[in-house]
Amino acid sequence: MAGTVVSYGTESSNQVRERRARRAGGRMTDTPPPTATDAGQRPPALVARGIVKRYGHVEALKGADFECRAGEVTALIGDNGAGKSTLVKILSGTALPDAGTITVNGAEYRPDSPAASHTAGIETVYQDLALAPDLGPAANLFLGRERRRAGLLGRLGFMDDRAMRDDATRTFAELGVTADTSRASVRALSGGQRQGVAVARAVAWGRSIVLLDEPTAALGVVQTQNVLRLVRTVADSGIAVVLISHSMPDVLAVADRIEVLRLGRRVARFTRAEASVDRLVAAMTGGAEAAAPAAGLADINGGHPA
Ligand SMILES: Nc1ncnc2c1ncn2[C@@H]1O[C@H](COP(=O)(O)OP(=O)(O)OP(=O)(O)O)[C@@H](O)[C@H]1O
Ligand SMILES: [Mg+2]
């Protein structure tokens, strides 16, 4: 079937701002998005302190710290098994921490379900995507937030499929994503195409924070560049975007700040200006440069008890 390709186009910051302004008018959310202020004045959108997570006798997080800011792309990097996805699951209410505190926009945040994270304005693309394979692109966009028909039919549980499909078509278009919303299921889409739907869902609903766990892992070069552009423009619209990636060039191209996890702890933080591939790799692997960080490196974390 023609027209099933999911791809990303470019979109200017102004277009994204306009989109969010329209959305704040009531289309997909009734809460206006936060606005970015001057770089020096941005408060942290989310602050996690001393997060511990155990799976049996495996300690995936050993007192990890993390923070991200509105209007910025924060890259979360670390070697395989460092605890990045575990942290994302905790921030998105999919896993419960054994210890630690989290605040979102200054308020205590203890999500016990993904729905609780949505209420706090947080949307997530999980590493395993978590799309419903038997539903189409539009139904996946509205998963858990289905729109009911008006009147008695709606009260009886009938969904307004046409309105959701129209809205999905518009949302994909506004984001520069072309997906065939008449598709009955996303099962037949390629891995990269499904990743496109998952990213669109997160950026469409995210009001405060968007967590992206390796959103470009299955994408080709061109689609990856388009996702990175989308990540940038979403951050420019005032959202805090958290990007997990193993690609250091991608991280350096798009991130404002970089936080490094190693063995369940944050071991280093960099601003974009402080970062280089060598420094990031050294921090991830515990190499020489990580032991003697460059001046201006904001924080070497190790003070938290495991
Ligand atoms: N459900 C689970 N049960 C048991 N151990 C787990 C579970 N989830 C994660 N772990 C362990 O926790 C540690 C951190 O895993 P996590 O998935 O957070 O790493 P990651 O940084 O996302 O790695 P990658 O870059 O490979 O995605 C690993 O040792 C992993 O085996
Ligand atoms: Mg992971």
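All of these numbers come straight from a predicted model, not from anything done at the bench.

About the thresholds
Residues numbered from 1 in each chain as written. Chains lettered and ligands numbered in written order. Predicted model: local features only at pLDDT ≥ 70, side-chain atom pairs only at ≥ 80, totals over all residues. Helix = DSSP H or I, 4+ residues; strand = E, 2+ residues; numbered from the N terminus. Buried ≥ 20, exposed ≤ 12 C-beta atoms within 10 Å, placed from the backbone. Contact = placed C-beta atoms within 7 Å. Near = placed C-beta within 6 Å. Nonpolar A, V, L, I, M, F, W, Y, C, P; charged D, E, K, R; others polar. Pairing = 2+ DSSP bridges. Axes fitted to C-alpha atoms, helices over the stretch in contact; angles between N-to-C directions. Arc of directions from axis to C-beta. pLDDT = per-residue confidence, 0-100. Core = buried A, V, L, I, M, F, W, Y, C linked by C-beta atoms within 7 Å.

**Here we look at the overall build of the chain**
At step 1: Summing up its helical and strand segments, the chain has eleven helices and ten strands in all.
At step 2: Counting across all 306 residues of the chain, residues that qualify as buried make up 46%.

**Some points on the environment of Arg 69**
At step 1: Looking at the element boundaries, Arg 69 is found in strand β2 (residues 58-69).
At step 2: Distance in space between the C-alpha atoms of Arg 69 and Pro 44 is 4.4 Å, their sequence separation being 25 residues.
At step 3: Excluding residues within four positions of it along the chain, Arg 69 makes contact with Arg 42, Pro 44, Ala 45, Thr 74 and Ala 240.

**Concerning the site of ligand 1**
At step 1: Taken together, Tyr 55, Val 58, Ala 60, Gly 78, Asn 80, Gly 81, Ala 82, Gly 83, Lys 84, Ser 85, Thr 86 and Gln 127 make up the full set of residues near ligand 1.
At step 2: Among the elements of the structure, β2 and α2 (84-91) are those that each provide at least two residues to the shell around ligand 1.
At step 3: Ranked by the residues each element gives to the shell around ligand 1, the list is headed by α2, at three residues.
At step 4: Taken together, the residues that form the shell around ligand 1 break down as four nonpolar, seven polar and one charged.

**Remarks on the sheet that holds β2**
At step 1: With antiparallel pairing, four strands are arranged side by side in an open sheet as β2-β1-β4-β5. Here the strands that pair on one side only, and so sit at the sheet edges, are β2 and β5 (107-108).
At step 2: As paired strands, strand β1 (residues 44-55) and β2 are joined by nine bridges and run antiparallel to one another. For Ala 48, the partnering residue across the bridge sits in β2 and is Phe 66.
At step 3: In this fold α2 packs onto β1, β2 and β4 (99-104), with an angle of close to 115 degrees to the strand it touches most, β1.

**A look at helix α10 (residues 277-285)**
At step 1: Of all the positions in α10, only Arg 279, Leu 280, Ala 283 and Met 284 are classed as buried. The arc that holds every buried residue of α10, seen down its axis, measures 130 degrees, which confines them to one face. Residues of α10 that are exposed and angled more than 90 degrees away from the buried face: Val 277 and Asp 278.

**Things to note about the confidence of the model for the chain**
At step 1: On average, residues of the chain score 79 in pLDDT, and 77% of them are at 70 or above.
At step 2: Mean pLDDT per element in the chain: helix α1 (residues 13-24) is the minimum at 43, and strand β3 (residues 73-77) is the maximum at 98.
At step 3: Under a pLDDT of 50 for its full length, residues 1-39 has, in the predicted model, 62 contacts with residues more than four places off or in other chains.
At step 4: Throughout residues 290-306 the model reports pLDDT below 50, and contacts reaching past four residues in sequence, or to other chains, amount to 28 contacts.

**Description of the sheet that holds β3**
At step 1: Spatial ordering of the open sheet is given by β6-β7-β8-β3-β9-β10, a layout of six strands whose pairing is mixed. Among the strands making up the open sheet, the edge pair consists of β6 (122-125) and β10 (265-271). Across the sheet, the mean angle separating the axes of adjacent strands is 15 degrees when strand polarity is ignored.
At step 2: Across six bridges, strand β9 (residues 257-262) lies against β10 in antiparallel orientation. If you follow Glu 259 over to β10, its bridge partner there is Arg 269.
At step 3: Helix-sheet contacts for helix α8 (residues 221-236) involve β3, β7 (209-213) and β8 (240-244), and the interaxial angle to β8 is about 155 degrees.

**What about the pairing of β8?**
At step 1: When you tally the buried positions in β8, you get five out of five residues, the bulk of the element.
At step 2: Here β8 shows no split at all, with Ala 240, Val 242 and Ile 244 on one side and Val 241 and Leu 243 on the other all buried.
At step 3: Pairing between β3 and β8: four bridges, direction parallel. For Val 73, the partnering residue across the bridge sits in β8 and is Val 241.
At step 4: Taken together, the five bridges between β7 and β8 define a ladder with parallel strand orientation.

**Structural notes on the nonpolar core**
At step 1: Counting 72 residues, the largest nonpolar core has Ile 209, Leu 212, Val 231, Val 241 and Leu 243 as the members making the most contacts within it.
At step 2: Not counting the four nearest positions on each side in its chain, Leu 243 is found in contact with Val 73, Ala 75, Leu 212, Val 231, Val 254 and Ala 255.

**Thoughts on α2**
At step 1: When you tally the buried positions in α2, you get seven out of eight residues, the bulk of the element.
At step 2: Burial in α2 covers these residues: Lys 84, Thr 86, Leu 87, Val 88, Lys 89, Ile 90 and Leu 91.
At step 3: Positive phi appears at Gly 93, one or two residues downstream of α2, with a value of about 80 degrees.

**Quick look at the pairing of β1**
At step 1: Between the antiparallel neighbours β1 and β2 lie two residues, among them Gly 56 with a positive phi of about 60 degrees.
At step 2: Relative to β4, β1 runs antiparallel, the two sharing five bridges. Following the sheet pairing, Ala 48 is matched in β4 by Ile 102.

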